[in-house]
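Architecture at a glance
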Amino acid sequence: MRTIWLSLLLSAALAVSLGHASAGETRARQILERFEHANQWRDHVIVAAHRAGGMQAGKTLYPENSIAAVEASIAMGAEIVEVDIRRSKDGEFVVMHDSWLDRTTNCRGEVVKRTLAELKTCRLVIEGTGAVTGETVSTLGEMLMATRDRILVNLDNKLDVDSLAGMIAVARDLGMAEQVIVKENLWNAERITTVRAAMDAIGSGFQFMPIIADDAVRDAMFAEKVSRAFPVRAVEMINWRAGSETLTENGGPLFSPHMRALAVRGDWHIWADTYAIVNKPGGFLAGGRGDELAVAASLPRETYGFWVERAATIIQTDEPRAAIGWLAANGFRVPYAGEKRPAEPANTASIN
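What you are looking at is a predicted structure, and each value in this text was computed from that prediction instead of being measured.

**Here's the deal with the overall build of the chain**
In terms of regular secondary structure, the chain is built from 12 helices and 13 strands. A total of 352 residues make up the chain; the buried ones form 52% of that total. A separation of at least 24 residues holds for 68% of the contacts in the chain among residues at least 6 apart in sequence. As displayed, the chain offers around 15,600 Å² of accessible surface, 55% of which is attributable to carbon and sulfur atoms.

**Some remarks on the environment of glycine 91**
Checked against the element boundaries, glycine 91 lands in the loop between strand 4 (80-87) and strand 5 (93-95). Classification of glycine 91 by relative accessible area gives partly exposed; the value is 33%. Remark: the alpha-carbon pair of glycine 91 and valine 112, spanning 21 residues in sequence, is separated by 8.5 Å.

**Things to note about empty space enclosed by the protein**
Overall, the coordinates contain 1 cavity of 30 Å³ or more when judged by the stated rule. In this structure, the largest cavity occupies an estimated 40 Å³ of space. Considering the residues around the largest cavity, the lining is formed by Glu64, Asn65, Val95, Met96, His97, Thr104 and Leu124. A per-class count over the lining of the largest cavity returns 3 nonpolar, 3 polar and 1 charged.

**A short note on helix 2 (residues 27-36)**
In terms of burial, helix 2 is a largely internal element, 7 of the 10 residues being buried. Of all the residues in helix 2, the buried ones are Ala28, Gln30, Ile31, Leu32, Glu33, Arg34 and Phe35.

**Quick look at the pairing of strand 12 (residues 269-273)**
Along strand 12, 5 of the 5 residues are buried, which leaves the element largely enclosed by surrounding structure. Of the two faces of strand 12, both are covered, the one formed by His269, Trp271 and Asp273 as well as the one formed by Ile270 and Ala272. Relative to strand 13 (residues 312-317), strand 12 runs parallel, the two being bridged by 4 bridges. Its bridge partner lying in strand 13, aspartate 273 is registered against glutamine 316.

**Observations concerning the state of the cysteines**
Counting across every chain of the model gives 1 disulfide. Disulfide partner of cysteine 107: cysteine 122, at an S-S distance of 2.2 Å. Disulfide cysteine 107-cysteine 122: torsion about the S-S bond near -110°, hence left-handed. Of the two residues, cysteine 107 sits in the loop between strand 5 and helix 4 (116-119) while cysteine 122 sits in the loop between helix 4 and strand 6 (123-126), which places them 15 residues apart along the sequence.

Rules used in this analysis
- Residues numbered from 1 in each chain as written.
- Predicted model: local features only at pLDDT ≥ 70, side-chain atom pairs only at ≥ 80, totals over all residues.
- Heavy atoms only, no water.
- Helix = DSSP H or I, 4+ residues; strand = E, 2+ residues; numbered from the N terminus.
- Buried < 20%, exposed > 50% of the residue type's maximum accessible area, 1.4 Å probe, protein only.
- Contact = heavy atoms within 4.5 Å.
- Areas by Shrake-Rupley, 256 points an atom, 1.4 Å probe, with all protein chains shown as cover.
- 1 Å grid on protein atoms, 1.4 Å probe; cavity = no way out; pocket = protein on both sides within 12 Å on 5 of 7 lines; lining within 4 Å.
- Points joined across faces, edges and corners; volume = space filled by probe spheres on them.
- Nonpolar A, V, L, I, M, F, W, Y, C, P; charged D, E, K, R; others polar.
- Pairing = 2+ DSSP bridges.
- Disulfide = S-S within 2.5 Å.

Here's what the structure looks like:
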């Protein structure tokens, strides 16, 4: 009997320790613990801020891919910031979504035709208002330094797959590789082989996340092949919405019971995207159930709640404050060490 009780006490102590940071453990390390151990944290939904998270309630408050947006995302409790990486004329990695400077800065022309020194003369602008800020185009190194020990960084590679090695080298030089998540689209066996070769050449010490979309991948069997090829901790999945058809009722072929079972067996997260795409239908990556539905239509349950019900434990969004608020109020956020307890469940409208 004494042995049984001792075993139970040890199990309880382990469970408590998993929910609390050890002395001196950084915020990034706490987040990484949840990212790397999906099955232990199925009751918590991680929030990733798209393009660093400059939007709130449908309005852009900070320039996309800016350090100011990163600071705001950290302050509101997001766990991942997604930023886009391109290269300057002189080979420096810079944080910029478009290949042209026109939309997001007060400069004009192609990013790759400007040296880093020339890019540093450009100022980021706030989309919508066109207000010019004092913030310049960041290098990858500068962006990483702004996030050290505070949040995970998802690098969206706008270059070729071989460029990932250089990006990881920058992170390693700063001692920050473990905070970095890189990702690539996978759609067939040949592509798996190509990306696997690139990952093998880079080595370990960082996170690689496959992206699969249901325009090319129609069932969970492909994800099973992917999870055998890579030591994944998350798989980003896309449910395309081609037009103005009704909202998806099941999340498409990827968000299936079979996929959920694979995720549990492999101990990895299902990552859903609710952010908007310019000049595309609302919820283009989420079967119509995107941030527009959650915020503009005031139906967060039909967006964030829908994807949680389909086993998503990471949501990438343009509206991190709205997502975190709804998830916390409805029992899908477990506080980190030092965080306040979430509010009472929210009464939200439903279209079901």
